Amino acid sequence: MQDTAAPTLFPLFLDLRGRRVLVVGGGSVAARKVTALLEAQADVALVAPALDATLAPLVRMQRITHLGATFARHQLDDAWLVIATTDDPLVNRVVAEAANTRRLWVNVVDDAELASAQLPARVQRGPLQIAISSGGAAPMLARHLREQLETQLDDSLGALAQLFVTLRSRIRARLPELPARRAFFRRALDGRVQAQLRRGDIDAARESLEAELEQINPTPRGRVSLVGAGPGDPGLLTLRALRVLNDADVILHDRLVSAEVLALARRDAQRIEVGKRVGGNHDATQQRIHALMIELARAGKHVVRLKGGDPFVFGRGGEELQALRAQDIDYEVVPGITAAVACAAHAGIPLTHRAHAQSLRILTAQAKAGEAEHDWAALAQPGQTRVFYMGVSGLEHLRDKLVGHGLPASTPFALIENGSLPQQRVIAGTLATLPVLAREHAVQAPALLIVGEVAAFATELHWFGAAPLVANDARCRDFARAA
Ligand code: SAH
């Protein structure tokens, strides 16, 4: 083969059920091919002097047949397909030539020149498969494409394909004309059935498809996906969040959601910022959000309600679902990486540590009316990590309560501002100086406060962004003496 031209290969999917496939070689590559062949219910025969740890039990259980140690032409007698996987080029060549003489398709692993058949890179969702080939020109490119498709294609597609199989004859009978069938599939693929499959409700998904088939439901039912956008770095979005964002008609997002995350959403999705502003009337805003979600879903839209972090951690996600449920509107929830988890990771602070913290408390520094009240005595107990959300103001109160209930003023803290974002700042010190330091460094929202022995790890384990700003210990001692 010339260096300059890759052949255009002809793609083909084989029904190998009960058909003999000869695999030559017994190593890990052979094991991978055998696994795939067994998935296709092929009758696998193996030739190899020694068997890989996954192959030996398959032979013992008679899932595959071990024909012997060395290749012989007669082993091709019953074969439909041959795969040569040995690391001996000479053996591979002998097998390929023997197969060619018999006009049997032969794949030679990592040798496109010897092979008459190539195995594609695959993306699989149940019976649905995408095969990718570069004609041997650039296998890395094919693999890269495969990875991209893996992230984009929802796991529910497999179940959807399976559902279409069970409904196939009904669909054909009900919609004999191709254009009508196409329109049905377009409606059926609008994402709602997939959302039902994602939540494991196959019956609901089937009912939706059946209703669609009978056209009982000509205007599609809208729905709401309550999605956690994570702390801002788009790399920390979940795959499911990304897929749902790609399907959105309307996105109602908080102010905290970063522009980089929003940029990943479907281009023509309408974006509406519904964030609460400082000093605004939060309850009125919340009521408006409920009304808007309901109105849009009623109009048949797929509404994505996008929130910073996780929607169920100080995100009022519960209230929003209650409002939807009261109006009988479909919803799903996609979790996100919450600030505590993201900030801790990006500040090098393990939230639990066998020597320092056996429990983790997630708290808010603010309450409905001003400073939060907690069971301070319990929070002052040793061996735990306390994470305070919304903790930019009221730090003095917080420090006084904790120290007043017996937590040593020398307990380490870390304040993480804009955690996981390029402008992240970490301020580390001891409880005594917490309010002073926060003021000195003019810490702004969003910031998260971690109090506990583990917070001291920030100076030792930090890896992201600037090193933590560490407190001057003298003031800590002053406070301790005064306290
Ligand atoms: N649902 C969100 C929390 C919303 S409350 C979540 O799960 O993360 C808002 C508070 O979250 C902020 O006041 C701050 O304390 C914290 N927060 C959110 N993003 C943050 C970030 N990138 N860095 C530091 N704190 C953050």
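Owing to the predicted nature of the structure, the values given are computational and were not obtained by experimental measurement.

Student: Got a minute to help me understand the site of the ligand in this structure?
Tutor: Neighbouring the ligand are 18 residues; Val313, Thr338, Met390, Gly419 and Ala447 lie closest to it. Measuring from a nitrogen atom of the ligand, one finds a backbone N or O atom of Gly419 at 2.8 Å. The contact in question runs from an oxygen atom of the ligand to an N or O atom on the backbone of Ala447, over 2.6 Å. For the shell around the ligand, the secondary-structure elements that each account for two or more residues are α13 (339-347) and β19 (447-451). Grouping the amino acids of the shell around the ligand by side-chain chemistry returns twelve nonpolar, five polar and one charged. There are two domains that each give the shell around the ligand at least three residues, and those are domain 3 (223-337) and domain 4 (340-482).

Student: Looking at this structure, how should I read the environment of Gly383?
Tutor: Topologically, Gly383 is positioned in the loop between α14 (376-379) and β16 (384-389). For Gly383, a relative accessible area of 24% translates into the label partly exposed. Ignoring anything within four residues of it in the chain, the contact list for Gly383 reads His356, Ala357, Gln358 and Ser359.

Student: Quick question: what am I supposed to make of the side chain of Asn418 here?
Tutor: Inspection of the secondary structure assignment puts Asn418 in the loop between β17 (412-417) and β18 (425-430). Given the relative accessible area of 15%, Asn418 is considered buried. With sequence-adjacent residues up to four places away left out, Asn418 is seen in contact with Gln423, Gln424 and Pro446.

Student: Would you explain the pattern of salt bridges in this entry?
Tutor: A side chain with one charge may pair with a side chain of the opposite charge, provided their charged atoms come close. In the structure shown here, the tally under the stated rule is 26 salt bridges. A salt bridge links Glu214 to Arg174; its shortest N-O distance comes to 3.4 Å. Here the residue Glu214 occupies a position in helix α8 (residues 202-214), and Arg174 occupies one in helix α5 (residues 156-174), the gap between them amounting to 40 residues. Residue classification places Glu214 among the partly exposed residues on the basis of a relative accessible area of 34%. What emerges from the salt-bridge pattern is a single network uniting Arg125, Arg146, Glu150, Asp155 and Arg243.

Student: Quick question: what am I supposed to make of the sheet that holds β16 here?
Tutor: In sheet architecture, strand pairing relies on hydrogen bonds along the backbone and comes in two forms, parallel and antiparallel. Within the open sheet, the six strands sit side by side as β13-β16-β19-β17-β18-β20. Their pairing is mixed. Strands at the two margins of the open sheet, each flanked by one partner only, are β13 (359-364) and β20 (469-470). As paired strands, β17 and β18 are joined by six bridges and run antiparallel to one another. In the sheet register, Ala414 faces β18, and the bridge partner there is Ala428. In this fold α13 packs onto β13, β16, β17, β18 and β19, with an angle of close to 75 degrees to the strand it touches most, β19.

Student: Help me out: how do you make sense of the environment of Val426 in this one?
Tutor: Tracing the backbone shows Val426 in strand β18. A residue is classified by how much of its surface remains accessible, and Val426, at 5% relative accessible area, is buried. Sequence separation between Val426 and Ala345 is 81 residues, and the spatial gap between their C-alpha atoms is 12 Å. Residue contacts for Val426: discarding those within four places in its chain leaves Ala347, Ala414, Leu415, Ile416, Ala458, Pro468 and Leu469.

Student: Any chance you could explain the packing of α5 against α8 here in plain terms?
Tutor: With their axes 11 Å apart at the nearest point, α5 and α8 run at an angle of 15 degrees to one another. Considering their axes alone, α5 and α8 lie roughly parallel with respect to each other. The element α5 and its partner α8 pack so that their crossing is right-handed. Two secondary-structure elements touch here, α5 through Leu163, Phe164, Thr166, Leu167, Arg170, Ile171 and Arg174 and α8 through Ile202, Ala205, Arg206, Leu209, Glu210, Leu213 and Glu214. Looking at the contact of α5 with α8 residue by residue, the classes come out as eight nonpolar, one polar and five charged.

Student: Before we go on, may I ask you to explain the domain arrangement of the chain in this structure?
Tutor: Size of an interface, as often reported, equals the accessible area lost when the parts are brought together. When its domains are assigned, the chain resolves into domain 1 (20-119), domain 2 (156-215), domain 3 (223-337) and domain 4 (340-482). A separation of 52 Å is found between the C-alpha centroids of domain 1 and domain 3.

Student: Whenever I open this one, the packing of helix α11 (residues 282-298) against helix α12 (residues 317-326) confuses me. Can you help?
Tutor: Packed helix pairs are characterised by how far apart their axes lie and by the angle those axes make with each other. Look at α11 against α12: their axes get within 10 Å of each other, and the N-to-C directions meet at 45 degrees. When the axis of α11 is compared with that of α12, the two are oblique. As α11 runs across α12, the sense of the crossing is right-handed. Contacts from Gln286, Ile289, His290, Met293 and Ile294 in α11 reach Glu319, Glu320, Ala323 and Leu324 in α12. Classifying every residue of the contact of α11 with α12 gives five nonpolar, two polar and two charged.

Quick notes on the rules
- Residues numbered from 1 in each chain as written.
- Predicted model: local features only at pLDDT ≥ 70, side-chain atom pairs only at ≥ 80, totals over all residues.
- Heavy atoms only, no water.
- Near = heavy atom within 4 Å.
- Polar contact = N/O pair within 3.5 Å; in protein donor to acceptor, adjacent residues only side chain to side chain.
- Helix = DSSP H or I, 4+ residues; strand = E, 2+ residues; numbered from the N terminus.
- Nonpolar A, V, L, I, M, F, W, Y, C, P; charged D, E, K, R; others polar.
- Domains from an automatic or database assignment.
- Buried < 20%, exposed > 50% of the residue type's maximum accessible area, 1.4 Å probe, protein only.
- Contact = heavy atoms within 4.5 Å.
- Salt bridge = Lys/Arg side-chain N within 4 Å of Asp/Glu carboxyl O.
- Pairing = 2+ DSSP bridges.
- Axes fitted to C-alpha atoms, helices over the stretch in contact; angles between N-to-C directions.
- Parallel < 35°, antiparallel > 145°, perpendicular 65-115°, else oblique.
- Left-handed = near helix turned anticlockwise from the far one by under 90°.

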